[in-house]
Amino acid sequence: MNVINKSVKFLFSVSGLLSCGILLYAQDQKPENEAWRHEYRATATKYNDLIHTRLEVKFDYDKSYMYGKEWVTIKPHFYPTDSLTLDAKGMDLKQVAIEKDGKKTSLKYDYDGMILRIHLDRTYKYTEKYTIFIDYTSKPNELKVHQGSAAITDAKGLYFINPKGEDKDKPTEIWTQGETEANSVWFPTIDKPNQKTTEEITMTVPAKYVTLSNGLLVSQKANGDGTRTDHWKMDLPHAPYLFFMGVGDFAVIKDSYKGKEVSYYVEKAYAPVARRIFGHTPEMIAFYSRITGIDFPWPKYSQMVGRDYVSGAMENTTSTLHGDGAQQDARQLTDGNEWEDVIAHELFHQWFGDLVTTESWSNITLNESFADYSETLWNEYKYGKDAGDAVNYQGIQSYLQQPENSEKNLVRFYYQDKEDVFDQVSYPKGGRILNMLRHYVGDSAFFKSLNLYLTTNKFKSAEAQNLRLAFEEITGEDLNWYWNQWYYGSGHPKLTIDYAYDDAAKKVKVIVNQTQATGKIFRLPIAIDVYNGAAKTRHKVWIENKTDTFTLDYNGSRPDLVNVDGEKVLLCEKKDSKTLDNYLHQYKYAGNYVDRREAIEFCSKNQDDPKAIDLMKTALKDKYYRLRGYALGKLDTKKEAIRTAFEPLIAAMAEHDDSRVVKAKAIDILGSFENPAYKDLFLKATADSSYSVAGNALEALSSIDSVQALTLAKRLQQTPVKGELSTAIAAVLIKSGEESDFDVIANNFEKMPTNQNKFEMVMPFASMLTKVKSADRLKRGVDLLIQFKEAIPQAYRKQTDPYFDNALSGVAAQKQAAGLQDQAEYIKTKLTKAH
């Protein structure tokens with residue numbers, strides 16, 4: 001699963017807003033009752049084993065019901081048993097029977113609305129299979145479910161989207177979401193990740209729709225009543241939470257990998273760009289097959305985009321479901337495919353999560369840490385080492401941003417709710433732990449170990465110790481120290497690094513202190529690189545005490561740079577006492593993405609120093625676009641000397657930079673200068689194919705010619721726009737203060753997806769409400785803000801609610817000051833109800 005959130009990858013923070021690119025992952029409030037801290041979360045005991053699940057389903061769009069018939073074949077795991085317990089949430093049960101030779105014999109059972117306990121007709125041994133038949137109705141919308149987590153915001157398993165077609169701007173769809181244990185809302189099963197079963201599903205649907213499920217479509221039958229029955233079959237075993245059904249009016253675009261279907265199910269408006277979004281998938285499959293040594297193990301791979309999806313994406317076996325953030329139009333894709341990392345993440349799950357599945361949610365690292373790390377691997381392979389290092393660095397920062405993460409083990413046997421493990425520890429921290437392991441054992445051993453782990457445990461479930469055993473088998477080394485420290489421990493090192501040079505003795509002492517408050521001391525194998533000019537000498541050492549001093553020899557003059565963690569892979573916080581000259585050398589000669597980024601950061605804090613200024617100028621021409629953009633963002637252009645020194649460079653980047661993202665950033669900075677000389681540049685850029693370039697140019701134009709910007713914004717709003725351009729148009733219209741523009745702005749705000757751009761619109765939109773005199777428009781605007789507030793996943797609400805409340809309280813105060821008491825009271829009432 002991805003929330004950038006995996007997916008989205010979409011993490012609100014009131015101060016700076018989002019990420020993710022991924023993702024990630026906000027934390028719930030700490031519970032008042034902490035009894036869970038003493039409740040060991042064991043892997044589910046296997047009393048019975050699933051073998052095969054066959055379903056026949058029909059959908060009632062008016063009631064949002066699913067009518068199902070199930071034949072589930074089971075056997076006792078080891079001990080004889082005369083009973084079977086199935087998860088079956090919120091169902092109406094019509095018949096429960098055992099079927100033998102086509103004959104059904106009803107069985108006694110107990111059902112509490114969540115758990116179905118069946119009394120079998122006799123005691124069965126582990127060598128004996130039996131088949132249970134269940135006739136039932138699934139009623140997902142009538143089920144009271146858990147709120148979900150930061151990774152998934154709901155847990156009712158089966159979702160009817162716009163089932164009656166009442167919203168003309170939204171398609172009618174059905175899709176399912178099983179992780180963690182929600183598929184048992186739509187079919188009775190042993191809903192645990194350590195179960196595996198083969199599967200077949202027949203879906204009867206309106207003939208105008210297409211369907212998708214696990215495995216292969218083996219037959220289609222027209223029923224003569226406007227419906228069609230599709231038969232999907234999966235002959236390889238997988239976990240129940242990975243079962244999937246999708247139904248809707250999709251365009252299906254097909255690629256292939258070694259004769260296997262690779263397909264993309266998108267809304268028809270996005271069919272022309274489907275390959276621009278998903279088209280790297282066959283190459284990703286080939287890459288992952290090569291590095292794991294396991295050729296893609298499933299019969300096909302499809303990806304579907306679902307409306308109103310409750311997560312970023314989900315790795316259902318052979319049939320990944322993506323949130324509608326994946327659907328980007330051609331102009332959005334000009335800035336780059338923001339969903340590509342999610343696509344890579346979900347695909348790697350087909351090996352790590354689907355082929356080999358965590359045996360318990362405590363061990364979710366076996367699924368999610370690998371998928372998170374796959375984003376680094378793919379970027380490194382496809383776009384170069386800088387790109388991979390940038391993703392890795394973002395993962396470190398994502399984990400470090402929330403101090404409470406340091407209290408959690410990666411393998412977590414104690415948690416309040418199973419949803420809680422889908423967080424920044426299981427995702428980015430786990431991914432960085434894999435990256436450090438890769439650098440410690442080397443690429444060859446790392447990937448051979450992954451191959452052994454997958455081969456040994458394929459079509460089974462595993463725990464983190466299985467991964468350790470695979471690495472020990474390949475490397476010949478006892479790695480308990482690594483697993484105990486990183487998998488079964490918490491926290492991360494905090495380092496201070498100092499240097500003492502003795503030029504007479506030609507020695508330098510590198511003093512590394514671990515300062516983390518927990519008292520835990522980490523063992524860290526690292527490289528220390530000593531540079532004289534371009535010449536580098538690498539020393540491999542171990543940090544393993546509270547204070548370690550490494551004495552290194554050097555020849556000739558004092559080294560230009562001593563670079564601790566030369567590979568820049570450590571998951572840590574650090575304070576490094578390098579000098580400006582050290583960082584200048586580091587940028588030029590050490591050369592990794594993080595080396596250069598650190599140098600830019602240091603120089604950005606010393607913008608009164610000519611040497612730092614020269615490096616910042618060099619960084620604006622860095623080979624990697626993200627570092628050019630980072631350097632731009634660090635310039636203190638409020639200082640006249642900095643503006644004078646850099647303005648020609650910024651202007652050149654605004655016109656000529658190869659990256660649209662960097663070009664947009666440069667235009668944004670130029671706009672802050674409010675210099676009419678750039679008017680022609682801004683006007684030209686408003687027609688750029690990139691929404692970010694055009695949007696920033698429109699706002700920049702507004703700073704020097706508000707009348708022309710307003711005219712242009714009104715023209716542009718008549719065309720389909722998204723992203724930064726949509727935000728910019730709204731900002732210009734709001735700035736004009738014309739109440740007649742409110743309806744257009746409100747309509748656009750309502751249609752915006754729940755993402756960063758919409759969040760950034762909250763304050764401007766609230767500002768416009770202070771100028772609106774119409775009570776009806778005021779009420780509509782307030783309602784839209786409240787709806788958006790409540791649409792944000794519960795896990796983020798502690799962070800975002802105050803932001804909305806402050807915005808609306810400010811509007812209420814201004815209305816009250818203006819004598820519009822009724823409008824002020826309406827806002828206060830809405831705020832009270834929202835709490």
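Attention in this report is confined to the structure presented alongside it. (Residues numbered from 1 in each chain as written. Predicted model: local features only at pLDDT ≥ 70, side-chain atom pairs only at ≥ 80, totals over all residues. Heavy atoms only, no water.)

1. Considering the overall build of the protein chain
Right, on to step 1. Of the regular secondary structure elements, the protein chain holds 26 helices and 31 strands.
Right, on to step 2. Across its three principal directions, the C-alpha atoms of the protein chain cover 90 × 75 × 55 Å.
Right, on to step 3. Scored against the burial criterion, the 835 residues of the protein chain give a buried share of 57%.
Right, on to step 4. Surface accessibility of the protein chain: about 33,600 Å² in total, with carbon and sulfur atoms responsible for 48%.
Right, on to step 5. Across the protein chain, 107 positive and 114 negative side-chain charges occur, with their mean positions spaced 1 Å apart. (Helix = DSSP H or I, 4+ residues; strand = E, 2+ residues; numbered from the N terminus. Buried < 20%, exposed > 50% of the residue type's maximum accessible area, 1.4 Å probe, protein only. Areas by Shrake-Rupley, 256 points an atom, 1.4 Å probe, with all protein chains shown as cover. Lys, Arg positive; Asp, Glu negative; His and termini not counted. Charge placed at Lys NZ, Arg CZ, Asp CG, Glu CD.)

2. Describing the pairing of strand β27 (residues 524-532)
Regular strands place side chains that alternate from one sheet face to the opposite one.
Right, on to step 1. The buried fraction of β27 is high, at seven of nine residues.
Right, on to step 2. Two strands pair when backbone bridges link them, and β27 and strand β28 (residues 535-543) are joined in this way by nine bridges, in the antiparallel orientation. Counterpart to A527 in the pairing with β28 is K540.
Right, on to step 3. The loop that links β27 with its antiparallel partner β28 comprises two residues; one of these, G533, has a positive phi angle of about 60 degrees.
Right, on to step 4. In this sheet, strand β30 (residues 561-564) lies alongside β27 in antiparallel orientation, the contact comprising four bridges. Each residue of the ladder has a partner; that of I528, found in β30, is V564. (Pairing = 2+ DSSP bridges.)

3. Structural notes on unusual backbone geometry
Right, on to step 1. The linkage connecting E179 with the following residue, T180, adopts the cis geometry, with an omega of 10 degrees.
Right, on to step 2. Among the secondary structure elements, T180 is positioned in the loop between β12 (173-176) and β13 (197-206).
Right, on to step 3. If you check the backbone angles, K258 has positive phi at about 50 degrees while not being a glycine.
Right, on to step 4. The backbone of T318 shows a phi angle near 70 degrees, a positive value even though the residue is not glycine.

4. Details of helix α13 (residues 610-619)
Right, on to step 1. Of the positions making up α13, those classed as buried are A612, I613, L615, M616 and A619. In an axial view of α13, the angular spread of the buried residues amounts to 165 degrees, which keeps them on one side of the axis.
Right, on to step 2. Of the surrounding elements, those touching the buried residues of α13 are α11 (580-590), α12 (593-604), α14 (625-634) and α15 (640-656).
Right, on to step 3. Looking at where α13 begins, the residue whose side-chain oxygen comes 2.8 Å from the main-chain nitrogen of K611 is D609. (Arc of directions from axis to C-beta. Contact = heavy atoms within 4.5 Å. Polar contact = N/O pair within 3.5 Å; in protein donor to acceptor, adjacent residues only side chain to side chain.)

5. Re the pairing of strand β25 (residues 494-502)
Right, on to step 1. Where β25 lies against strand β31 (residues 573-576), four bridges are found, and the strand directions are parallel. Bridge pairing in β31 places L495 opposite K574.
Right, on to step 2. Count of turn residues in the β25/strand β26 (residues 507-514) antiparallel hairpin: four residues, of which K506 carries a positive phi of about 60 degrees.

6. Re helix α2 (residues 281-292)
Since there are 3.6 residues in each turn of an α-helix, residues three or four apart along the chain are aligned in direction.
Right, on to step 1. Counted at 1.5 Å a residue, the expected span for α2 with its 12 residues is 16 Å, and the 16 Å between its end C-alpha atoms agrees.
Right, on to step 2. Counting buried residues in α2 gives nine out of 12 residues, a clear majority hidden from the surface.
Right, on to step 3. Residues of α2 that are buried: T281, P282, M284, I285, F287, Y288, S289, I291 and T292. (Expected span 1.5 Å × (residues − 1).)

7. Comments concerning the environment of K578
Right, on to step 1. Residue position: K578 is located in the loop between β31 and α11.
Right, on to step 2. When the C-alpha atoms of K578 and I497 are compared, they prove to be 8.5 Å apart, with 81 residues separating the residues in sequence.
Right, on to step 3. Discounting residues that sit within four places of it in the chain, K578 has contacts with Y499, L561, V562, N563, K568, Y583, Q586, E598 and F602.
Right, on to step 4. One polar contact links K578 to N563, side chain to side chain, over a distance of 2.8 Å.
Right, on to step 5. Within the structure, K578 has its side chain in polar contact with the side chain of Q586 (distance 2.5 Å).

8. Notes on the pattern of salt bridges
Should the charged atoms of two oppositely charged side chains come close, the side chains can pair.
Right, on to step 1. Summed over all chains, the structure comprises 54 salt bridges.
Right, on to step 2. For D255, the salt bridge is made with R275, and the minimal N-O distance between the two is 2.8 Å. Taken together, the residues span a long stretch of sequence, with D255 in strand β18 (residues 250-257) and R275 in helix α1 (residues 274-278) at a distance of 20 residues.
Right, on to step 3. K611 serves as the salt-bridge partner of D581, at 3.0 Å between the closest nitrogen and oxygen. Of this pair, D581 sits in helix α11 while K611 sits in helix α13, placing them 30 residues apart in sequence.
Right, on to step 4. Relative accessible area serves as the criterion here: at 42%, D581 is assigned to the partly exposed category. (Salt bridge = Lys/Arg side-chain N within 4 Å of Asp/Glu carboxyl O.)

9. Focus on the sheet that holds β27
Right, on to step 1. The three strands are arranged β28-β27-β30 in an open sheet whose pairing can be described as antiparallel. Of all strands in the sheet, those with a lone pairing partner are β28 and β30, marking the two edges. Averaged over all neighbouring strand pairs, the angle between strand axes comes to 20 degrees, with direction disregarded.
Right, on to step 2. Across the sheet, α11 touches β27 and β30, and the angle it forms with β30 is around 70 degrees. (Axes fitted to C-alpha atoms, helices over the stretch in contact; angles between N-to-C directions.)

10. Structural notes on the sheet that holds strand β19 (residues 260-267)
By definition, the strands of a sheet pair up through backbone hydrogen bonds, in either a parallel or an antiparallel sense.
Right, on to step 1. Spatial ordering of the open sheet is given by β18-β19-β20-β22-β21, a layout of five strands whose pairing is mixed. Sheet topology places β18 and β21 (313-314) at the edges, where each strand pairs with a single neighbour.
Right, on to step 2. Here β21 pairs with strand β22 (residues 319-323) via two bridges, running antiparallel. Paired with A313 across the bridge in β22 is H322.
Right, on to step 3. Its contacts with the sheet put α2 on β18, β19 and β20 (300-306), and the angle it makes with β18 is roughly 40 degrees.

11. Quick notes on the nonpolar core
Right, on to step 1. Counting 90 residues, the largest nonpolar core has I600, L632, I650, I667, L670 and L698 as the members making the most contacts within it.
Right, on to step 2. Discounting residues that sit within four places of it in the chain, L698 has contacts with T686, A709, L712, A713, L716, L725, A728, I729 and V732.
Right, on to step 3. Ranked by size, the runner-up nonpolar core spans 89 residues in total, among them V273, A326, A462 and W486. (Core = buried A, V, L, I, M, F, W, Y, C linked by side-chain atoms within 4.5 Å.)

12. Some details on the packing of aromatic side chains
Right, on to step 1. Taken as a whole and assessed by the stated rule, the structure comprises 54 aromatic pairs.
Right, on to step 2. Taking 5.6 Å as the distance between ring centres and 70 degrees as the angle between the ring planes, the aromatic pair formed by F296 and W351 counts as edge-to-face. Of this pair, F296 sits in the loop between α2 and β20 while W351 sits in the loop between α4 (340-348) and β23 (356-358); the two residues are 55 residues apart in sequence, bridging distant segments of the chain.
Right, on to step 3. Using a relative accessible area of 3% as the deciding quantity, one classes F296 as buried.
Right, on to step 4. W351 sits in the buried class, given a relative accessible area of 0%.
Right, on to step 5. A ring pair is formed by W378 and Y381, whose centres lie 5.5 Å apart and whose planes are at 45 degrees; its orientation type is tilted. Placement of both W378 and Y381 in helix α5 (residues 365-383) is noted, with a separation of three residues, approximately one turn of the helix. (Phe/Tyr/Trp six-rings, centres within 6.5 Å; stacked < 30°, edge-to-face > 60°.)

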